[in-house]
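# Reading the structure
Listed below are the residues making up each chain.
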Amino acid sequence: ENWVAYDAHGQYENLSLNHGEGFYLALANDDALVLEGDPVTGDPEDGALASIALSEGWNLIANPLVVLTAKSEIDVEYDGVTLPWDDAVNAGWIAPSINGWFGDSHFPYDVLHPSGGYWVNTSRDLELHFTTDDGSEDLSRKDDLQDDFWTLNLKASSLNGESFGDYLVIGLSDYATSQFRYGEDEYDLPNPRFSNKSAINIHVSHEDLYLYRDIKSNDFDDYQV
């Protein structure tokens, strides 16, 4: 009666809250969540402090560390090869955006908060390795790649608060293609599956794909809708 937790598939019965896995948590009233146990600690020079195995497609993860973790501090391993986050994005292994929940809608995060849940999309099965930095990096910095794009963010919210919101991103770039390119364009985010609320779903329909982020080339002859 006071709270319920859902996993990425909307399941809420007999859940195991696994380390590094994300969940939706709905409360009937304001409350405090108390976690007890040993935090994940260690020396980054001896390897990753924590690792999460992901499957191809959407994954709802949680920051496995008890500190703020910049996206740029996450390493990605596939087929025995490990790359920094930005290089893994450029290689087409993983989508560039990490989306968490803010207010009544998903929201892109560059810094993962302790105990926060986040959606990550991958093009293949791989592993994420989490470490910490030495404090010299600005955790609020944006990806340099974003400077090459002009983007417009559109958000839809419920006027009466009875539905969850949604958002999408459209944009132009000299370096983009108007066809679908994984990483440059991103698949539509999964909607939360709480039974007591509906969810607004806005997306760009591109051929047989639903996208929440669609970047087109600046080099065009005709206007596109």
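Residues numbered from 1 in each chain as written. Predicted model: local features only at pLDDT ≥ 70, side-chain atom pairs only at ≥ 80, totals over all residues. Heavy atoms only, no water.

## Observations regarding the sheet that holds strand β12 (residues 126-130)
With antiparallel pairing, the four strands of this open sheet are ordered in space as β3-β12-β6-β7. Sheet topology places β3 (50-54) and β7 (81-84) at the edges, where each strand pairs with a single neighbour. Averaged over all adjacent pairs, the angle separating strand axes in this sheet is 25 degrees, with direction ignored. As paired elements, β3 and β12 share five bridges and run antiparallel to each other. Directly across from A53, in β12, lies its bridge partner E127. (Pairing = 2+ DSSP bridges. Helix = DSSP H or I, 4+ residues; strand = E, 2+ residues; numbered from the N terminus. Axes fitted to C-alpha atoms, helices over the stretch in contact; angles between N-to-C directions.)

## Notes on the side chain of H106
Considering the arrangement of structural elements, one finds H106 in strand β9 (residues 105-108). The buried category is assigned to H106, whose relative accessible area is 6%. Of note is the side chain of H106, whose polar atom sits 3.4 Å from the side chain of W119. With near-sequence residues (within four places) excluded, H106 lies in contact with Y24, N99, G100, W101, W119, Y167, L189, P190 and P192. (Buried < 20%, exposed > 50% of the residue type's maximum accessible area, 1.4 Å probe, protein only. Polar contact = N/O pair within 3.5 Å; in protein donor to acceptor, adjacent residues only side chain to side chain. Contact = heavy atoms within 4.5 Å.)

## Some points on the environment of G161
Within the secondary structure, G161 is located in the loop between β13 (150-156) and β14 (163-164). Sequence-wise, G161 and D104 are 57 residues apart; in three dimensions their C-alpha atoms are separated by 8.4 Å.

## Looking at a negative patch on the surface
On the surface, D148, D174, D219, D221 and D222 cluster together to form a negatively charged patch. Mapped onto the elements, D219 comes out in the segment after β19 (209-217). (Patch = residues over 30% accessible without salt bridge, like charges linked within 9 Å, V, L, I, M, F, W, Y side chains within 5 Å. Areas by Shrake-Rupley, 256 points an atom, 1.4 Å probe, with all protein chains shown as cover. Salt bridge = Lys/Arg side-chain N within 4 Å of Asp/Glu carboxyl O. Lys, Arg positive; Asp, Glu negative; His and termini not counted. Charge placed at Lys NZ, Arg CZ, Asp CG, Glu CD.)

Read these as spatial facts, not as claims about activity.
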